[in-house]
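# Working through the structure, step by step
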Amino acid sequence: MNLAENIEIKSIQEWERFANEHKGENTDWDTYCKPGDLVNEEVYNYFLDILPPRTMNKVMLQVGEPHSTMKNPETGKYQNTYATFVSFGTFSKYGNLYQYKGNCFVGQTQDMSIYKQYTSIQEFMKETYSLIQKVRPRVICKDGFSFSVQAGLPSFYCIPRKNLKSGRYTACEVGHPNKKEDLLMRYIECSTENPMESVYPYVPVEVIDKIIKNHGGYFVAG
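### Points about the overall build of the protein chain
- On a plain count of helices and strands, the protein chain comes out with five helices and 11 strands.
- Judged by the C-alpha coordinates and their principal axes, the protein chain covers about 50 × 40 × 40 Å.
- Within the protein chain, buried positions represent 43% of all 222 residues.
- When the accessible surface of the protein chain is split by element, carbon and sulfur atoms take 49% of a total near 12,100 Å².
- Averaged over its 25 positive side-chain charges, the protein chain has a centre that lies 6 Å from the centre of its 26 negative ones.

This is the structure in structure tokens:
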């Protein structure tokens, strides 16, 4: 497996440099390192040594100390989240690398700290603008209904079909809801497909907001 020559590998040394350059500001781990970033083995061992790990196997490490307690929209129960790393591979130039997944429930790799209350899907698109190259997170509603809402890249069915930092799209691409939603069916790309495995091009933002409202609103973290 090859990596791009200019790829950034997060390290303890660079974290310390980051902290020195931003004195007086928040320089904790989650400010320096974001979900999806690659880290070296020194970082892995640093978090491994903090406390006996909450989860440790061949592919995953979850730090022993909880990061936060949040309501799991799938179970309806409050559960702890843990800083989570997964094995990414071994490289001649970098050694063993791991991918930081953020703060996740036990045994899971979905970062939960990204979920908050939004007033509209346009606000969600604006607040998640920095994640455009990594694909925006799924929208999770309070009743557990979830689906993907994407816009910005040329491959997405959105209006306009360009990257807007303002998030002010008039229509977005919806995809892969975890159950059939009648309000989406008129937009389904192929009527013979399974609704849970389908893409829904150019869904008006007003329709998306109505769907979220019907399912109790956005999942509120914490």
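### A closer look at the environment of Ser92
- Tracing the sequence through the fold places Ser92 in the loop between strand 6 (78–91) and strand 7 (95–104).
- Taking C-alpha positions, Ser92 is 41 Å from Cys158, a pair spaced 66 residues apart along the chain.

### As for the nonpolar core
- Counting 27 residues, the largest nonpolar core has Ile121, Phe147, Val149 and Ile208 as the members making the most contacts within it.
- Elements with a contribution of two residues or more to this core: helix 4 (121–127), strand 9 (146–150), strand 10 (171–175), strand 11 (199–204) and helix 5 (205–214).
- With five residues, the top contributor of residues to this core is helix 5.
- The contacts of Val149, once residues within four sequence positions are left out, are Ile121, Phe124, Met125, Arg136, Val139, Cys172, Glu173, Val174 and Ile208.

### Considerations on the side chain of Asn103
- In this fold, Asn103 is placed in strand 7.
- Within the structure, the side chain of Asn103 is placed 3.2 Å from the side chain of Asp30, a separation counted as a polar contact.
- Among the polar contacts listed, one links the side chain of Asn103 to the backbone nitrogen of Ala83, at a separation of 3.5 Å.

### Comments concerning the sheet that holds strand 11
- The strand order 8-9-10-11 describes an open sheet built from four strands, whose pairing is antiparallel. Only two strands of the sheet have a single neighbouring strand rather than two, namely strand 8 (139–140) and strand 11.
- Two elements, strand 10 and strand 11, share four bridges in a ladder whose sense is antiparallel. Paired with Ala171 across the strands is Pro204, a residue of strand 11.

### Some remarks on helix 3 (residues 41–48)
- Val43, Tyr44 and Phe47 are the residues of helix 3 that are buried. End-on, the buried residues of helix 3 take up no more than an arc of 100°, which puts them together on one face.
- N-capping of helix 3 is provided by Asn40, with a side-chain oxygen placed 3.2 Å from the backbone N of Glu42.

Conventions adopted
Residues numbered from 1 in each chain as written. Predicted model: local features only at pLDDT ≥ 70, side-chain atom pairs only at ≥ 80, totals over all residues. Heavy atoms only, no water. Helix = DSSP H or I, 4+ residues; strand = E, 2+ residues; numbered from the N terminus. Buried < 20%, exposed > 50% of the residue type's maximum accessible area, 1.4 Å probe, protein only. Areas by Shrake-Rupley, 256 points an atom, 1.4 Å probe, with all protein chains shown as cover. Lys, Arg positive; Asp, Glu negative; His and termini not counted. Charge placed at Lys NZ, Arg CZ, Asp CG, Glu CD. Core = buried A, V, L, I, M, F, W, Y, C linked by side-chain atoms within 4.5 Å. Contact = heavy atoms within 4.5 Å. Polar contact = N/O pair within 3.5 Å; in protein donor to acceptor, adjacent residues only side chain to side chain. Pairing = 2+ DSSP bridges. Arc of directions from axis to C-beta.

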